[in-house]
Amino acid sequence: MFNKILIANRGEIACRVIKTARKLGIATVAVYSDADANALHVAMADEAVHIGAAPSRESYLLIERVIAAAKQTGAEAIHPGYGFLSENAEFCRACAENGIVFIGPPVGAIEAMGSKSAAKRIMEAADVPLVPGYHGEDQDPALLKQAANDMGYPVLLKATAGGGGKGMRQIWSEKEFDEGLAAAKREAMNGFGDDRMLVEKYLTKPRHVEIQVFCDQLGNGVFLAERDCSVQRRHQKVIEEAPAPGVDSELRSKMGEAALQAAKAIDYVGAGTVEFLLDEDGSFYFMEMNTRLQVEHPVTEMITGQDLVEWQLRVAYGETLPLSQEQVPINGHAFEARIYAEDPNNDFLPVTGTLSFLQPPEENSHVRVDTGVLQGDEVSVFYDPMIAKLIVWDEDREKALRRLGKALSEYRISGMTTNVDFLYNLATCEPFQKAELDTGFIGKHHEKIFHDGEADIASATALAGLYLVLRRAQDATTSVSAQRDANSPWNFSNAWRLNEPHIHQFELELMGQNYPIVIEQLGEGCAVSYNITAAGKTVRAQGKLNGSELYADIDGYRSRAVIAEHDGVYSLYTQESALQFCQAQIDLGDENAGAGEGALTAPMNGTIVTLLVEAGAEVEQDSALLVMEAMKMEHTIRAPAKGTVKEFYYAPGDLVEGGSDLLDFEKAEA
Ligand code: MV4
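All values derive from a computational prediction rather than experimental measurement.

Draft legend 1. Highlighting the site of the ligand. By nearness alone, 17 residues border the ligand, and Lys 158, Gly 165, Glu 200, Lys 201 and Leu 203 come closest of all. For the ligand, whose accessible area on its own is 510 Å², the fraction buried by protein is 89%. Going through the elements one at a time, strand E7 (155-163), strand E9 (197-201) and strand E14 (284-290) are the ones with two or more residues in the shell around the ligand. Here the shell around the ligand gathers at least three residues from each of two domains, domain 2 (105-129 + 204-331) and domain 3 (132-201).

Put into structure tokens, the structure is as follows:
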């Protein structure tokens, strides 16, 4: 087995390959760009070589730099991962020319699959089923039209030089053909500099079902079941699963044998994926073949119990396949959801930023997280904004899907927008649960998936208010007891006159709206409870804070939430949702906020009960300054910002009129 390999990639796949190499006792070399100097894959590798600036074309795509790094470190082989140079024939050739093993297929296989139309011709010769159509060299419009008429409408015009969904045009009737062909040719010439077309029967509700194949250098080949990747958005896979719902063992064998025929037709070696369009009637048609390990390979690993990177390393080293076809097991069901830094409510535009809070679900035999980032890392503009792949497994699809929903609800990320909520909505919507899959799924069920359904504001504000009042109690106990005699009855945040309610007031900013919250504190000691009034609703609440965990009971409904705070913004994660909120800033200079310049006024007529800090004290925002009693209720007056209490205007026992200035407060310099 190899002693040392270089991973010519970054992010989660680089980390993933390093893990298997480490398992096999193989030393690893990472390569990294300026932007990845502190990346996880660099830290995980035994050695690392800087190969250039952040833009991929100045680092990860520079063949000579990658080869030089391998030679500098004595790496015997290079794993290309996916993307970057993984399907680059020139790179594959450069490895061979430098005596370095390319962990992947022979260069001829890469070249054969590089052209969509050449690939189709090879598959046709190998009796691999193709969509009925025409993909010949003769591009006479009359011939193309005759082909369309012969196969029947609708047909799909595909630019030969296109791929990944680019350069396709549907033609629904003969009278549309001429204009449609002319438009498709213009677009292809503009987009690819090549206006050659192929014409195919248009499958209106196909599924994308792909077969994992593996071939060794000794002529052996097996298929490791299939994956359903129909849930895509603009040809980007979103959720993948294995095995494909509704594919029985007979259809699996047919597709698997067809995939192996395709692989054998190009003398394939290594991990490969043959993509098929599966029609509603069970017919399947070759779409394309990918000559690399796919992003979604983990779902195959979970149902077969195989480590496909280990297979790649063994096959590249010249070993025979670890299993024969009969020995390939298929157990249970697996899903993969791709966690992205992108905004589903803004056309999925990628977002950048710092992962200020990153708490994946706990991993176990059912939950796997493949990631290349840690809390505090930047998601930059230079690379694919994938944060992680969340993979789950269970005995059957229903159980696995339940695990996916739960794991997604436990994936807590703040510091940037992600697609986690979108994935949760998708995984839990009824059509997906019923496996009503086809490549138009997301478009068809848009309203179920994108429901930015009014987060239940009342419960959200109640939870937020409960958190803030418990946090205040915690802080008050810490700060006041630190400042004053520990035996004073005022020392405890929950110390007040028996049966006299204590009022807290907050102003929350939540989803761009301000929500005033009034919290009446009742009971004392461990029997503390609260009447929380917000968004027009009053609930009875109690709870406990344990670090970043909030155990809440709102009107008898008990739940657990996790709170992260960053720069004054709180992210509150519950089983159902994640919400961000912050305390609306009270502008000291704004007399409407009830606080004159530097002073704080009595909310109503009342009596000063106690002063909680000395004049001259420097305090943090929200520190308790004094307690006054009004209308049989106690009010704690707090510091609206970090600053200094210059002077109290009243002493305990004094009567004050509503609106009177109570003290002079000087806000700290920003
Ligand atoms: C098709 C098709 C329907 N009929 N060909 C999209 C990109 C490339 N993978 C081939 N694609 C399709 N070819 C015929 N004759 C529908 C698609 C298609 C698709 C295929 C797989 C996964 C997602 C897709 C999304 C839109 C269209």
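Draft legend 2. Representation of the domain arrangement of the protein chain. Looking at the protein chain, the domain boundaries give domain 1 (4-103), domain 2 (105-129 + 204-331), domain 3 (132-201), domain 4 (339-365 + 372-382 + 396-448), domain 5 (454-583) and domain 6 (599-667). Taking the mean C-alpha position of each, domain 4 and domain 6 sit 47 Å from one another.

Draft legend 3. Quick look at the pattern of salt bridges. For the structure shown, the criterion picks out 50 salt bridges. Glu 58 is the salt-bridge partner of Arg 57, the closest N and O atoms lying 3.8 Å from each other. On the basis of relative accessible area, Glu 58 is assigned to the partly exposed category, the value being 33%. The salt bridge partner of Asp 370 is Arg 368, with a shortest N-O separation of 2.8 Å.

Draft legend 4. Structural view of the sheet that holds E9. Across the sheet, 4 strands lie side by side as E6-E9-E7-E8; this open sheet has antiparallel pairing. Of all the strands in the sheet, just strand E6 (133-134) and strand E8 (166-171) have a single pairing partner and so form its edges. Examined bridge by bridge, E7 and E8 share 5 bridges and lie antiparallel to one another. In the sheet register, Leu 156 faces E8, and the bridge partner there is Gln 170. Helix H6 (residues 116-125) contacts E7 and E9 of the sheet and is inclined by roughly 115° relative to E7.

Draft legend 5. Main features of the nonpolar core. Core analysis: the biggest nonpolar cluster contains 39 residues, and Ile 239, Ile 339, Ile 387, Leu 404, Leu 426 and Phe 432 have the highest contact counts within it. Mapped onto this core, the elements with two or more residues apiece are strand E12 (236-242), strand E15 (333-340), strand E20 (367-371), strand E22 (386-394), helix H12 (397-409), helix H13 (420-428) and helix H15 (441-444). Both domains that meet at this core, namely domain 2 (105-129 + 204-331) and domain 4 (339-365 + 372-382 + 396-448), each give it at least three residues. Filtering out sequence-adjacent residues up to four positions away, Leu 404 remains in contact with Ile 239, Phe 335, Ala 337, Leu 390, Val 392 and Ala 427. Grouped together as the second largest cluster of nonpolar side chains are 35 residues, Phe 2, Ile 7, Val 295 and Leu 308 included.

Draft legend 6. Examining unusual backbone geometry more closely. With an omega dihedral of 0°, the bond running from Tyr 153 to Pro 154 counts as a cis peptide bond. Structurally, Pro 154 is set in the loop between helix H7 (141-151) and E7. Cis geometry marks the peptide bond from Ala 242 to Pro 243; its omega dihedral reads -5°. Relative to the helices and strands, Pro 243 is located in the loop between E12 and helix H9 (249-265). Phi angles above zero are rare outside glycine, and Ala 435 is one such case at about 55°. When you line up the elements, Ala 435 lands in the loop between helix H14 (430-433) and H15. Ala 435 sits in the partly exposed class, given a relative accessible area of 25%.

Draft legend 7. Structural view of the packing of helix H3 (residues 63-73) against helix H4 (residues 89-97). Here H3 crosses H4 at 30°, and the two axes come no closer than 10 Å. The angle between the axes of H3 and H4 places the two elements in the roughly parallel class. Crossing of H3 against H4: the hand is right-handed. Along its contact with H3, which presents Ile 63, Val 66 and Ile 67, the element H4 presents Glu 90, Phe 91, Ala 94 and Cys 95. Of the residues that constitute the contact of H3 with H4, the class distribution is 6 nonpolar, no polar and 1 charged.

Draft legend 8. Representation of the sheet that holds E14 within the structure. Across the sheet, which stays open at both edges, the 8 strands sit in the order E14-E13-E10-E11-E12-E15-E22-E20 with antiparallel pairing between neighbours. Each of the sheet's edge strands pairs with one partner strand only, and the pair in question is E14 and E20. Averaged over all neighbouring strand pairs, the angle between strand axes comes to 25°, with direction disregarded. By the bridge criterion, 9 bridges tie strand E10 (residues 207-215) to strand E13 (residues 270-278) in an arrangement that is antiparallel. Each residue of the ladder has a partner; that of Arg 207, found in E13, is Leu 278. Where helix H10 (residues 297-304) meets the sheet, its contacts fall on E10, strand E11 (221-233), E12, E15, E20 and E22, and the angle it forms with E22 comes to roughly 25°.

Cut-offs used in this document
- Residues numbered from 1 in each chain as written.
- Predicted model: local features only at pLDDT ≥ 70, side-chain atom pairs only at ≥ 80, totals over all residues.
- Heavy atoms only, no water.
- Near = heavy atom within 4 Å.
- Areas by Shrake-Rupley, 256 points an atom, 1.4 Å probe, with all protein chains shown as cover.
- Helix = DSSP H or I, 4+ residues; strand = E, 2+ residues; numbered from the N terminus.
- Domains from an automatic or database assignment.
- Salt bridge = Lys/Arg side-chain N within 4 Å of Asp/Glu carboxyl O.
- Buried < 20%, exposed > 50% of the residue type's maximum accessible area, 1.4 Å probe, protein only.
- Pairing = 2+ DSSP bridges.
- Contact = heavy atoms within 4.5 Å.
- Axes fitted to C-alpha atoms, helices over the stretch in contact; angles between N-to-C directions.
- Core = buried A, V, L, I, M, F, W, Y, C linked by side-chain atoms within 4.5 Å.
- Parallel < 35°, antiparallel > 145°, perpendicular 65-115°, else oblique.
- Left-handed = near helix turned anticlockwise from the far one by under 90°.
- Nonpolar A, V, L, I, M, F, W, Y, C, P; charged D, E, K, R; others polar.

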